[in-house]
Each structure stands twice: as structure tokens, then as C-alpha cells.
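Overview (structure and organization)
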Amino acid sequence: MVQKTLDTARAAFNEIKPVDRKGERKSRKALKTVCDRIYGHIKAEYERNISRKKELVAQAKMFVELEDLGEAIQGAKSIQREWKDVGITPVQVDRRLWKEFRGACDAVFGRLDDERKQRNAEKNARAEQAKQRAQKERERWPRLLDRMQACALKAADAEKAAELWDKEGPIPHGVET
């Protein structure tokens, strides 16, 4: 914004006509001096902000390597908030620094996503194992029912009861025969 104001002031100065040459040189020199002082302040601000953003990029890269993922996530969130508070920088420099910063932060959050995916895969594997165990156990129940039916039939039809009792197959765990 300040840069635009300086550019507008220079353009407005160039449009003022007619002015005697001696007065124009003196005024142009005075305007240049003022603009250079203002631009010096802008440049100093740019340098300070570039330096701070470089520090934040370095911190983000450190968080990628940090073993404690929770601490890395909190740190990344914190420096993302700080990034927003750093003042303006030249567009080209800002884009380059942002790309580095975003890449490092994405790597930290990517670790979190990988960890979540791994936990979900482990949870799904445990659920599948439990499902398979339950299915195997359900497959044992018909055999137990055959034996119970054999007990009920023993007095009325001993042959059928023996046939049911002798059927092949597993019975549920924990059931004594």
C-alpha cells in the first residue's frame, strides 16, 4: 500500500506541468529524498519480515524431524498462527518461503494422517479377526444342538440319538461332552 502511494506520488509529480526547470529539479530531488527514506523503511520492514519467515520455515522443518508427534503438531499449529502475524514481504520471496513452510507443515500433518491410517488399519484387522473367531464359534453351535437333540431323543429313538451324537464336527469352546 505504501509502495503504491509512493508510485502514485511520483506519477502525479511527473504530470504537473509547466514548472520551471530549476524548480522542477529541486522539487524532484526533494521528492526522491522523501521517497527513498520511506522506501528505506519499507525495505527494512521487508528484511525483518523475511528474516522472521525464514526462522518459521526452519522451525517447521525441525518439527518434521521431531519424534514426539503431538509436540510436533502443536508446534506446527503455533507457527502457522505466527506466520499470519508476520508483516508483508515481496511477493516472489513470500511465495518461495510459503512453499517451503507449507511443505514442512504438510509433512508434519502427513505423519499424523499416516498414524491415523495405521491405527485404523490395526483396528480393522482386530475387528476382522474377532469377526472370524465369532464365525468359527457360530459354526460349532449346530454340533452342540445335535448333541442336545440326541439327549432328548435317547429314550424315544436310541438309534437316531446315537447318530446325532456321533456326528463329526467341533462343539463350542467350554462345553464339556
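Reference entry: report on the structure contained in this document. Sequence positions are assigned chain by chain, starting from 1 and proceeding in written order. Whole-chain, interface and lining totals are the exception, using all residues; otherwise, since this is a predicted model, local features are given only for residues with pLDDT of at least 70 and side-chain atom pairs are given and counted only at 80 or more. Here the side-chain values reflect all heavy atoms present in the structure, with hydrogen atoms and water set aside.

Focus on the overall build of the chain
To be explicit about the condition: Secondary structure counts use DSSP, requiring at least four H or I residues in a row for a helix and at least two E residues in a row for a strand, with both numbered from the N terminus. Taken over C-alpha atoms, the radius of gyration is set against a globule rule of 2.2 Å times the number of residues to the power 0.38. Any residue under 20% of the maximum accessible area for its type is buried, any over 50% is exposed, and the rest in between are partly exposed; the area is computed with a 1.4 Å probe on protein chains only. Residue contacts are counted whenever heavy atoms from the two residues lie within 4.5 Å of one another. Residue exposure ignores everything except the shown protein chains as possible cover, and the areas themselves are Shrake-Rupley values with a 1.4 Å probe. Charged-residue counts in this description rest on Lys and Arg as positive and Asp and Glu as negative, His and the chain ends being excluded. A charge is said to be at NZ when it belongs to Lys, at CZ for Arg, at CG for Asp and at CD for Glu.
Along the backbone of the chain there are five helices and zero strands. A compact globule built from 177 residues would reach a C-alpha radius of gyration of about 16 Å, whereas the chain, at 40 Å, exceeds it by more than 25%. Seen along its three principal axes, the alpha-carbon backbone of the chain occupies a region of about 135 × 35 × 20 Å. For the chain, the residues scored as buried account for 22% of the 177 residues in total. Sequence-distant contacts in the chain: of pairs separated by 6 or more residues, those separated by 24 or more amount to 66%. Accessible surface computed for the chain: about 13,500 Å², of which carbon and sulfur atoms make up 54%. Treating the 40 positive side-chain charges of the chain as one cloud and the 31 negative ones as another, the clouds have centres 12 Å apart.

Remarks on the packing of helix α4 (residues 91–153) against helix α5 (residues 158–165)
Heads up, the rule is: Here the axes come from fitting lines to C-alpha atoms, over the contacting stretch only for helices, and the angles between their N-to-C directions go from 0 to 180 degrees. Roughly parallel here means an angle under 35 degrees, roughly antiparallel means over 145, roughly perpendicular means 65 to 115, and every remaining angle is called oblique. Here a crossing is called left-handed whenever its near helix is offset anticlockwise from the far helix by less than a right angle, and right-handed whenever the offset is clockwise. Throughout, the ten residues Ala, Val, Leu, Ile, Met, Phe, Trp, Tyr, Cys and Pro are labelled nonpolar, Asp, Glu, Lys and Arg are labelled charged, and all others, Gly among them, are labelled polar.
Where α4 contacts α5, the axes come no closer than 8 Å and their chain directions differ by 160°. With respect to their mutual orientation, α4 and α5 come out roughly antiparallel. As α4 packs across α5, the resulting crossing turns out to be left-handed. Contacts between α4 and α5 involve R143, D146, R147, Q149, A150, C151 and L153 from the first element and A158, K160, A161, L164 and W165 from the second. Class assignment of the residues belonging to the contact of α4 with α5 gives a composition of seven nonpolar, one polar and four charged.

So, the packing of aromatic side chains
Applicable threshold: Two rings from Phe, Tyr or Trp (for Trp, the six-membered ring) form a pair when their centres are within 6.5 Å of each other. A pair whose planes differ by under 30 degrees is stacked, one over 60 is edge-to-face, and the rest are tilted.
Throughout the structure, instances matching the rule amount to three aromatic pairs. Ring centres of W83 and F101 lie 4.3 Å apart, and the angle between their planes is 15°; on these two criteria the pair is classed as stacked. Here W83, found in helix α3 (residues 69–85), pairs with F101, found in helix α4; they are 18 residues apart in sequence, far enough to count as distant. Assigned by exposure class, W83 and F101 land together as buried. Ring centres 5.8 Å apart and planes at 40° place the aromatic pair W98 and F101 in the tilted group. With a gap of three residues between them, W98 and F101 both fall in helix α4, about one helical turn apart.

Some points on the environment of G103
With respect to the helices, strands and loops of the structure, G103 is situated in helix α4. Taking the C-alpha atoms as reference, G103 lies 8.8 Å from A60; in sequence the two are 43 residues apart.

A few points about the packing of α3 against α4
Close contact between α3 and α4 brings their axes to 10 Å; oriented N to C, the two are set at 150°. Viewed along their axes, α3 and α4 adopt a mutual orientation that is roughly antiparallel. As for the relative orientation of α3 and α4, their crossing is left-handed in sense. Residues L69, A72, I73, A76, K77, I79, Q80 and W83 of α3 form the contact with α4, whose own contacting residues are D94, L97, W98, F101, R102, C105, V108, F109, R111, L112 and E115. Grouping the amino acids of the contact of α3 with α4 by side-chain chemistry returns 13 nonpolar, one polar and five charged.

Digging into the nonpolar core
Worth spelling out the cut-off: As used in this record, nonpolar core signifies buried Ala, Val, Leu, Ile, Met, Phe, Trp, Tyr and Cys residues forming a set joined through side-chain atoms within 4.5 Å.
Membership of the largest hydrophobic core comes to 19 residues, with the highest contact counts inside it found for L56, A60, I73, I79, W83, F101 and V108. Those elements giving two or more residues to this core turn out to be α2 (21–65), α3 and α4. Looking at this core, the element that brings in the most residues is α4, giving seven residues. With sequence-adjacent residues up to four places away left out, I73 is seen in contact with V108, F109 and L112.

Re the pattern of salt bridges
Stated precisely, the cut-off is as follows: Salt bridge, as used here, is a side-chain nitrogen of Lys or Arg placed within 4 Å of a carboxyl oxygen of Asp or Glu.
Here the structure, examined in full by the defined rule, presents ten salt bridges. Between D106 and R102 there is a salt bridge whose closest N-O contact spans 3.0 Å. Separated by four residues within a single helix, D106 and R102 lie in helix α4, roughly one turn from each other. Accessibility expressed as a relative area gives 25% for R102, which makes it partly exposed. In the salt-bridge network here, residues are joined through shared partners; they are R52, E55 and E82.

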